[in-house]
Amino acid sequence: MKSGKFGAWLAVFVGVAYFLAPLVATFEFSLRMRRGEYSFDAYRVVFASDSFQASFLYSTVLAVVTIVVAILIVVPTAYWVQLRLPRLRGIVEFTTLLPLVIPAIVLVFGYIKLYGSSSVLPLTATTLGSDALLMFGYVGLGLPYMYRSVETALRAIDVRTLTEAAESQGAGILTILFRVILPNIRSGILSGAFLTFAIVIGEFTFASLLDRPAFGPYLQLIGASRAYEPSALAIMAFALTWACMGLILLLGGGAPNSTGKR
Amino acid sequence: MSFLTLTGIQKTYGANAVVRDFDLSVERGELVTFLGPSGCGKTTTLRMIAGFETPTEGSILIDGHDVTNLRANRRKIGMVFQAYALFPNMTVAQNIGFGLKVAGRPAAEIKARVGEMLAMIKLPQLAERYPYQLSRGQQQRVSLARALAPSPQILLLDEPLSALDARIRVSLREEIRALQRNLGITTIFVTHDQEEALSMSDRVVVMNEGAIEQVGTPSEIYNAPRTRFVASFVGTLNLLDGTIVDASAGAVDIDGQRATTRRKLNGAKPGDVLALALRPEALRLGAGGDDRNTLAGVIEDVAFLGAVVRVRVRLARAAIIVDTFNRGAGALPARGESVAVNFGADDLIPLQPN
């Protein structure tokens, strides 16, 4: 019994050390910019950099737009599949999982081929077009997470009966979606949104090949040319991702459901 | 003219007919119950009236207007669901006021109506609670108030009491009936519980395998069932095979013993075998007078049920159940005892063949 407990604790210790040691080492290194003492100089340099601010702002705005578009596409689709087309669930789930299977580099080359300057719809010919293309690419990348989160939340409520109850009260489809369904799947939408945010903020391949000034390429550039700042950025990226996860847990309870669970 | 008219309603899914040849007229202010076992088509018919399903054939008229292809949100129908279907993100007051808000009514009017509805269901103190903070009975009351708040033309209740425990079920069905009478609202109630159907309804529609078996008042359904199905589904019943001896005199042979009925024999001829129904509570132990039928048998089982003592008497082949009131005095009948069972000529009910 005692040896079993020791084994379990050893496994936990090894696991924690495996994940935390690189993080602690990176953090420690990020504090060593000033010779002979620990300081937050690397963080100060990063925050003071115009490129950091511009690329972070660009990626944040892009992430927000991506989330809004993803919600507008995914929520009605998942709702309709659940309500009227349950037999299509398998096909839709398969489609939403494709971005996990197809490498980002293949996808972006496909986009460049389809929407390049010599194509019928030359999105890459303008800045706005490229931004839009990047945003739609991110919608695709976030699809597996957003769809799954929303679909799980929809399964947790009685979509059909709530829809019919609202219809019997005279509500149309938009009222049902915005006043009845959306508030009750808030937790799923938030989960999908924060996961999408985390993906978009650090994404490199799409942004780099579409030549957009996003945070991912900035991270790569700093990593290749500086010593301490990349570590500071890595710690900040971790902190941002964890903050997203924390927000999912904090806000993800959503509206109270019929069983009283939040 | 009837307030709600269903004519020639059919509903099929592929080759499977879920509702067949359904014709019904419901008067304004009437409470009609669809009664039947699971899968008999009662809920599908209700959903067609609500607009959630479209009939494959036939028409639905409400107050003279054809609503067969009208969307559910335009039918002005109030619906109460088995699973309550309260909106979890809204308070009780917001749930009740939802339909009025959707209709764009002024806030003051909504507030007043919600207050009125809360008073009606006797839950004014729960206006700001969320559905999960309510008991099941309270949730169903709120669901009823929500359905009634926009003053619908018709109230539809889809097995609203089946998820509640027995005591609340009885009190709530009395409340629903009282409310329905007070408001005078035309109501369709779906249930598989015959006691609910008989106690609440102006008329009962008994359904089986997608078709109507019989439409009538609770008394007609119980006392004069037309088919074997209705007779066996509504209440406890003895079903016996009787051979016609003299059709004009209503004489039949049951397991070698003679009995007579005053009811119509549905055109049967001597020698025909008919299904006959006898309610257990219409039977008495002991020999009857000249004006009553008497069958002889042996007591096979005695079950003490509290207010009622249920005795099973074996005739030659068939067995019949006799329900007698427990009067508290005297010994119970003994198993193996020879006994006579008597009943009136009106109590023997010939059934139409299915």
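Please read these numbers as outputs of a predicted model, since none were measured by experiment. (Residues numbered from 1 in each chain as written. Chains lettered and ligands numbered in written order. Predicted model: local features only at pLDDT ≥ 70, side-chain atom pairs only at ≥ 80, totals over all residues.)

## Focus on the overall build of chain A
Scanning chain A from N- to C-terminus turns up 12 helices and 0 strands. Sequence-ordered secondary structure for chain A, helices as α and strands as β, is α-α-α-α-α-α-α-α-α-α-α-α. Oriented by its inertia axes, the alpha-carbon framework of chain A measures out at about 75 × 70 × 30 Å. (Helix = DSSP H or I, 4+ residues; strand = E, 2+ residues; numbered from the N terminus.)

## A few points about the overall build of chain B
A tally of helices and strands in chain B yields 8 helices and 20 strands. Referenced to the eigenvectors of the C-alpha coordinate spread, the extents of chain B come out at roughly 75 × 50 × 35 Å. Each of the 354 residues in chain B was classed as buried or not, and the buried ones make up 40%. Put simply, of all contacts in chain B between residues at least 6 apart along the chain, 65% involve residues at least 24 apart. (Buried ≥ 20, exposed ≤ 12 C-beta atoms within 10 Å, placed from the backbone. Contact = placed C-beta atoms within 7 Å.)

## Quick word on the confidence of the model for chain A
Residue and element names in this part refer to chain A. In the predicted model, chain A carries a mean pLDDT of 88, and 95% of its residues have values of at least 70. Helix 12 (residues 229–251) is the least confidently modelled element of chain A, averaging 83 in pLDDT, while helix 7 (residues 159–168) averages 94, the highest of any element. Of the regions scoring below 50 in pLDDT, residues 257–262 engages in 13 contacts with residues more than four places distant in sequence or in other chains. (pLDDT = per-residue confidence, 0-100.)

## Quick word on the interface of chain B and chain A
Contact residues are listed per partner, giving 21 residues for chain B and 21 residues for chain A. Mapped by element, the contributors of at least two residues to the side of chain B that touches chain A are strand 6 (77–80) and helix 2 (92–102) of chain B.

## Some details on the sheet that holds strand 6 of chain B
Residues and elements named next belong to chain B. Spatially, 6-7-8-3-9-10 is the arrangement adopted by the 6 strands of the open sheet, whose pairing is mixed. Only two strands of the sheet have a single partner each, and these edge strands are strand 6 and strand 10 (211–216). Across this sheet, the average inter-strand angle for adjacent strands is 20°, counted without regard to direction. Inspection of the sheet shows strand 3 (residues 31–35) paired to strand 9 (residues 203–208) by 4 bridges, in the parallel sense. Residue pairing across strands places Leu35 opposite Val206, the latter belonging to strand 9. Here helix 4 (residues 136–148) sits on the sheet and contacts strand 6 and strand 7 (154–158); the angle it forms with strand 6, its principal contact strand, is near 170°. (Pairing = 2+ DSSP bridges. Axes fitted to C-alpha atoms, helices over the stretch in contact; angles between N-to-C directions.)

## Looking at the pairing of strand 1 (residues 4–13) of chain B
Looking along a regular strand, one sees the side chains alternate between the two faces of the sheet. Residue and element names in this part refer to chain B. As judged from the 5 bridges shared by strand 1 and strand 4 (residues 57–62), these two strands associate in the antiparallel manner. Note on strand 4: the bridge partner recorded for Leu4 is Ile62. As judged from the 7 bridges shared by strand 1 and strand 2 (residues 16–26), these two strands associate in the antiparallel manner. Looking across to strand 2, one finds that Leu4 is bridged to Val26.

## Observations concerning the packing of helix 11 (residues 215–225) of chain A against helix 12 of chain A
Interhelical geometry of helix 11 of chain A versus helix 12 of chain A gives an angle of 145° and a closest axis separation of 8 Å. Residues Leu219, Ile222 and Gly223 of chain A of helix 11 of chain A form the contact with helix 12 of chain A, whose own contacting residues are Glu229, Pro230 and Leu233 of chain A.

## A word on the packing of helix 3 (residues 50–83) of chain A against helix 7 of chain A
Residue and element names in this part refer to chain A. For the pair helix 3 and helix 7, interaxial distance at closest approach is 9 Å and the crossing angle is 95°. By the criterion of interaxial angle, the relationship of helix 3 to helix 7 is roughly perpendicular. Every residue of helix 7 that contacts helix 3 at Tyr79, Gln82 and Leu83 is listed here: Val159, Arg160 and Thr163. Counted by class, the contact of helix 3 with helix 7 contains 3 nonpolar, 2 polar and 1 charged residues. (Parallel < 35°, antiparallel > 145°, perpendicular 65-115°, else oblique. Nonpolar A, V, L, I, M, F, W, Y, C, P; charged D, E, K, R; others polar.)

## Brief notes about the sheet that holds strand 14 (residues 273–278) of chain B
Residue and element names in this part refer to chain B. Ordered by their spatial adjacency, 5 strands build an open sheet running 13-12-11-14-20, and the pairing between neighbours is antiparallel. Two strands lie at the open edges of the sheet, namely strand 13 (257–260) and strand 20 (349–351), each paired on one side alone. Each strand of the sheet is rotated relative to its neighbour by a mean of 45°, with strand direction disregarded.

## Digging into the domain arrangement of chain B
Residue and element names in this part refer to chain B. For chain B, the assigned domains read domain 1 (4–230) and domain 2 (236–282 + 294–351). Placing the centre of domain 1 and that of domain 2 at their C-alpha centroids yields a distance of 38 Å. Tallying the contact residues gives 5 residues for domain 1 and 5 residues for domain 2. Class assignment of the residues belonging to the side of domain 1 that touches domain 2 gives a composition of 2 nonpolar, 1 polar and 2 charged. (Domains from an automatic or database assignment.)

## Observations regarding the confidence of the model for chain B
On average, residues of chain B carry a pLDDT of 91, and 99% of them reach 70 or more. Interface scoring of the predicted complex returns ipTM 0.82; its pTM is 0.79.

## Overview of unusual backbone geometry
Leaving glycine aside, a negative phi is the common case for residues, and trans is the common case for peptide bonds. Residues and elements named next belong to chain B. Located in the positive-phi region is Asp63, a residue other than glycine, with phi close to 50°. Tracing the backbone shows Asp63 in the loop between strand 4 and strand 5 (65–66). The class of Asp63 is partly exposed, set by 15 C-beta atoms lying within 10 Å.

## Looking at the environment of Val252 of chain B
All names here are of chain B. Mapped onto the secondary structure, Val252 falls in strand 12 (residues 251–254). On the basis of neighbour counts, which here come to 28 C-beta atoms within 10 Å, the residue Val252 falls in the buried class. Those residues in contact with Val252, other than ones at most four positions away along the chain, are Gly242, Thr243, Ile244, Val245, Ala259, Thr261, Leu274 and Leu276.

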